[in-house]
Amino acid sequence: MKIDISKSEAREKIDAFFAREEFSVEEARKIKRLAMKFKIRLGDYKKLFCKKCLSKLKGRTRFSGGYKTVVCKKCGERNRFKMDRQRS
Ligand SMILES: [Zn+2]
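This report concerns the structure included in the present document. (Residues numbered from 1 in each chain as written. Predicted model: local features only at pLDDT ≥ 70, side-chain atom pairs only at ≥ 80, totals over all residues. Heavy atoms only, no water.)

1. Remarks on helix α1 (residues 7–19)
Residues three or four positions apart in an α-helix share a direction because the helix packs 3.6 residues into each turn. Between its first and last C-alpha atoms α1 spans 18 Å; for 13 residues at 1.5 Å apiece the expected length is 18 Å, and the two agree. All buried positions along α1 are accounted for by A10, I14, F17 and F18. Seen end-on, α1 carries its buried residues on one side only, within an arc spanning 90°. Across from the buried face of α1, at angles greater than 90 degrees, the exposed residues are E12 and A19. Elements that come into contact with the buried residues of α1 comprise α2 (25–37). (Helix = DSSP H or I, 4+ residues; strand = E, 2+ residues; numbered from the N terminus. Expected span 1.5 Å × (residues − 1). Buried < 20%, exposed > 50% of the residue type's maximum accessible area, 1.4 Å probe, protein only. Arc of directions from axis to C-beta. Contact = heavy atoms within 4.5 Å.)

As structure tokens, then:
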């Protein structure tokens, strides 16, 4: 895939991608590559796909010790995310 777009265009593409309800593994891979190329941080978007199989992350969600664990329905990978704590 040849990429000759600007960083803001890349960011728009990424935002549009994650606004979608469904996406394929191949598309997720492309978006990750795009983000890497432009050094765009995916931030919260990372929580939307499984870190192992890159499919849309759906499954059992558990909260414990400041972490959110989502078990991937597809590959069984336990995706752990640190929860942002509101500081007061
Ligand atoms: Zn998975």
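2. So, the nonpolar core
Among the nonpolar cores identified, the biggest contains 14 residues, and I14 and F18 are the most heavily contacted of them. Of all the secondary-structure elements, those providing two or more residues to this core are α1 and α2. For I14, the contacting residues outside a window of four places in its chain are I31, L34, A35, I40, L42 and Y45. Listed in part, the five residues of the second largest apolar core include C50, L57, V70 and C72. (Core = buried A, V, L, I, M, F, W, Y, C linked by side-chain atoms within 4.5 Å.)

3. Observations concerning the coordination of the zinc ion
Distances from the zinc ion to its protein donors, C50 (SG), C53 (SG), C72 (SG) and C75 (SG), fall at 2.3 Å. Around the zinc ion, the four donor atoms sit at angles spanning 107 to 112°, and that spread fits a shape best called tetrahedral. Considered as a linear motif, the donors of the zinc ion on their single chain read C-x2-C-x18-C-x2-C. Residue C50 is found in the loop between α2 and β1 (61–64), and its partner C72 is found in the loop between β2 (67–71) and β3 (78–82); the two are separated by 22 residues along the sequence. Like C50, the residue C72 is buried in the burial classification. (Donors = N, O, S within 2.8 Å, 3.2 Å for Na, K, Ca; no water. Tetrahedral: all angles 85-135°; square planar, octahedral: opposite > 155°, others 65-115°.)

4. Quick word on the sheet that holds β2
By way of backbone hydrogen bonds, the strands of a sheet pair with one another, either parallel or antiparallel. Pairing is antiparallel across the open sheet formed by three strands, whose spatial order is β1-β2-β3. Taken across any chain shown, the strands that pair with only one partner, and hence form the sheet edges, are β1 and β3. Neighbour-to-neighbour, the strand axes of this sheet turn through a mean angle of 20°, independent of strand direction. Bridge analysis of β2 against β3 gives five bridges, and the strand direction is antiparallel. Residue pairing for β3: K68 is matched across the bridge by F81. (Pairing = 2+ DSSP bridges. Axes fitted to C-alpha atoms, helices over the stretch in contact; angles between N-to-C directions.)

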